[in-house]
Amino acid sequence: MTEKNSDTLPVSSPSVTDQAVCAVLVTYNRKGLLIETITGLLIQSAALKKILLVDNQSSDGTAEILQEKGWLDSLPPTSLDENFHARKNLDNGMEFHYIRSCRNIGGAGGFSLGLKTAFEDRARYDHFWLMDDDVEPDETALEYQLGFTDLSCCITPSKRALDGEILEWYGWLDLKTLREKPIPSDHFQGDLAFVNMTCFEGMLVSRELVAKIGYPDARFFIYGDDVVYGYQASQFTRPIYLTRPTFVKKLKKKNFKKRYGSYFPFASMNLAYFLMRNYLLKAKMIKRATPSKINMSRVYLYHFYYLIKQVTKAILIERSLKKIGRLLKGFRDSFSIANHDEVN
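Residues numbered from 1 in each chain as written. Predicted model: local features only at pLDDT ≥ 70, side-chain atom pairs only at ≥ 80, totals over all residues. Heavy atoms only, no water.

Caption draft 1: Just the pairing of strand 4 (residues 95–100), in detail. Among the 6 residues that make up strand 4, 6 are buried, leaving the element largely enclosed by the rest of the structure. Of the two faces of strand 4, the one carrying Glu95, His97 and Ile99 and the one carrying Phe96, Tyr98 and Arg100 are both buried. In this sheet, strand 4 lies alongside strand 2 (residues 50–55) in parallel orientation, the contact comprising 6 bridges. Considered in strand 4, the bridge of leucine 53 is made with tyrosine 98. Here strand 3 (residues 84–89) folds back onto strand 4, and the loop between the two strands holds 5 residues, one of which, glycine 93, carries a positive phi near 90°. (Buried < 20%, exposed > 50% of the residue type's maximum accessible area, 1.4 Å probe, protein only. Helix = DSSP H or I, 4+ residues; strand = E, 2+ residues; numbered from the N terminus. Pairing = 2+ DSSP bridges.)

Caption draft 2: Representation of the pattern of salt bridges in the model. A complete count under the given rule lists 19 salt bridges for this structure. With a closest N to O distance of 3.7 Å, arginine 30 and aspartate 134 form a salt bridge. Remark: aspartate 134 occurs in the loop between strand 5 (127–132) and strand 6 (135–137) and arginine 30 occurs in the loop between strand 1 (21–27) and helix 1 (31–42); sequence separation between them is 104 residues. On the basis of relative accessible area, aspartate 134 is assigned to the buried category, the value being 4%. Among the salt bridges present, the one from arginine 160 reaches aspartate 138, with a minimum N-O distance of 2.8 Å. (Salt bridge = Lys/Arg side-chain N within 4 Å of Asp/Glu carboxyl O.)

Caption draft 3: Just the packing of aromatic side chains, in detail. Summed over all chains, the structure comprises 18 aromatic pairs. Ring centres of phenylalanine 119 and phenylalanine 128 lie 6.2 Å apart, and the angle between their planes is 45°; on these two criteria the pair is classed as tilted. Note on phenylalanine 119: relative accessible area 17%, which makes it buried. Between phenylalanine 119 and tyrosine 215 the ring centres are 6.1 Å apart and the planes differ by 70°, which places this aromatic pair in the edge-to-face class. Taken as a pair, phenylalanine 119 in helix 3 (residues 106–119) and tyrosine 215 in the loop between helix 5 (207–213) and helix 6 (225–233) lie far apart in primary sequence, 96 residues in all. For the pair phenylalanine 119 and tyrosine 215, a shared accessibility class is recorded, and that class is buried. Each member of the aromatic cluster is reached from another via a ring pair, and the members are Phe119, Tyr125, Phe128 and Tyr215. Just above the ring of phenylalanine 194 sits the side chain of arginine 238; from NZ or CZ to the centre is 3.7 Å. Above the face of the tyrosine 273 ring, arginine 326 is positioned so that its terminal group lies 4.5 Å from the ring centre. (Phe/Tyr/Trp six-rings, centres within 6.5 Å; stacked < 30°, edge-to-face > 60°. Lys NZ or Arg CZ within 6 Å of the ring centre and 35° of its normal.)

Caption draft 4: Highlighting helix 1. Over its 12 residues, helix 1 extends 16 Å from the first C-alpha to the last, a length consistent with the 16 Å expected when each residue adds 1.5 Å. Within helix 1, burial applies to Leu33, Leu34, Ile35, Thr37, Ile38, Gly40 and Leu41. The inward-facing, buried residues of helix 1 contact strand 1, strand 2, helix 2 (62–68), strand 4, strand 5 and strand 6. (Expected span 1.5 Å × (residues − 1). Contact = heavy atoms within 4.5 Å.)

Caption draft 5: Here's a closer look at the side chain of lysine 250. Summarising the element assignment, lysine 250 is placed in the loop between strand 13 (240–249) and strand 14 (255–259). You can call lysine 250 buried: its relative accessible area is 14%. A polar contact is formed between the side chain of lysine 250 and the side chain of glutamate 36, at a distance of 2.3 Å. A polar side-chain atom of lysine 250 sits 2.8 Å from a polar atom in the side chain of glutamate 136. With near-sequence residues (within four places) excluded, lysine 250 lies in contact with Leu33, Glu36, Asp134, Glu136 and Leu162. (Polar contact = N/O pair within 3.5 Å; in protein donor to acceptor, adjacent residues only side chain to side chain.)

Caption draft 6: Region of interest: the environment of glutamate 208. Relative to the assigned elements, glutamate 208 resides in helix 5. On a C-alpha basis, the gap between glutamate 208 and leucine 52 in space is 19 Å, while along the polypeptide they are 156 residues apart.

Caption draft 7: View of the nonpolar core. Counting 38 residues, the largest nonpolar core has Ile38, Leu48, Leu66, Phe96 and Trp129 as its most contacted members. Membership of the second largest hydrophobic core comes to 37 residues, among which are Leu178, Met197, Tyr279 and Met296. (Core = buried A, V, L, I, M, F, W, Y, C linked by side-chain atoms within 4.5 Å.)

Caption draft 8: Quick look at the side chain of aspartate 134. Here lysine 249 takes part through its side chain, which lies 2.6 Å from a polar atom of the side chain of aspartate 134. Apart from the residues lying within four places of it in its own chain, the contact partners of aspartate 134 are Arg30, Leu33, Thr37, Glu201, Val248, Lys249, Lys250 and Leu251.

Caption draft 9: Examining the environment of tryptophan 169 more closely. Among the structural elements, tryptophan 169 can be located in the loop between strand 7 (154–160) and strand 8 (172–174). In sequence terms tryptophan 169 and histidine 187 are 18 residues apart; their C-alpha atoms lie 14 Å from each other. In contact with tryptophan 169, other than residues within four places in its own chain, are Thr156, Ile183, Val195, Met197, Thr198, Cys199 and Tyr241.

Caption draft 10: Focus on the pairing of strand 12 (residues 201–206). Along strand 12, 6 of the 6 residues are buried, which leaves the element largely enclosed by surrounding structure. In this structure, strand 5 lies alongside strand 12, joined through 5 bridges in antiparallel fashion. Note that in strand 12 the partner of methionine 131 across the bridge is glutamate 201. Pairing of strand 7 with strand 12, which is carried by 2 bridges, proceeds in the antiparallel orientation. Note on strand 12: the bridge partner recorded for cysteine 154 is valine 205.

Just distances and angles here, no functional claims.
This is the structure we're talking about:
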């Protein structure tokens, strides 16, 4: 198991109804899915105190449909020099807080901005519930997760696909390769497993833990920010993964191409770039959390090995010269982004 900081946070078991929770949601050009997610948040059996939505400059009419639904009174200006905020108290007593960022800061930037804003709110929420716009919680999802806050300050739910299939989550960070892998079988205990990372698709995190580790790092833009955040959390609490699915995942992350009679998974151009770009940043942040666990010489060797592996795959399987270009650019940019100052 991961070594934890000597300043491990205590856990408590207050009544579920006594815990004030703010949902932090990030969206970009998925207004149909977003409406389904918000609808799921509004009907939770353990009522939320607030929904905070960060809109990464969507161009699909997201703000307009929020206004049609009665969740937003005024639309943001077409041109923004700073972030636009709009707040509304809904009929059920919940607050709806809409932020339109003045530029697209990615999922990582959105969660960083959203969690920081929620944490600094005068209402002082006990927990924060982070999720993307392509997942939808069951009616009892929050209540179920809150029932485990006596065990952990960082709780990740299981998800199922639209067809009901339970989705496997690679919830263990291998410190040798810094890649995610399946959760070791001996980490499962009943309805949960102890992990050393998290996923921003329903992660519930306590106020005390956020006070310790801060906010997700916006430099990631997309991919890897939740992995690092969960690992940082594991130094102060034992993050847990709940095996009973309480969320529906609407979009598939993996696509497949058929080559040589078999199907091979492949990443989109954008994801391929950030998989490569964010690797050294992830390594340096994890080394900062646990210096003795990370050998940077091995990190650089594995980074080069992974580049060769992915380029070979792009040539033989995907047959995409454009993908090779994105991988090489991500590899080159990984050295500069890892040395940039933190922008939270």
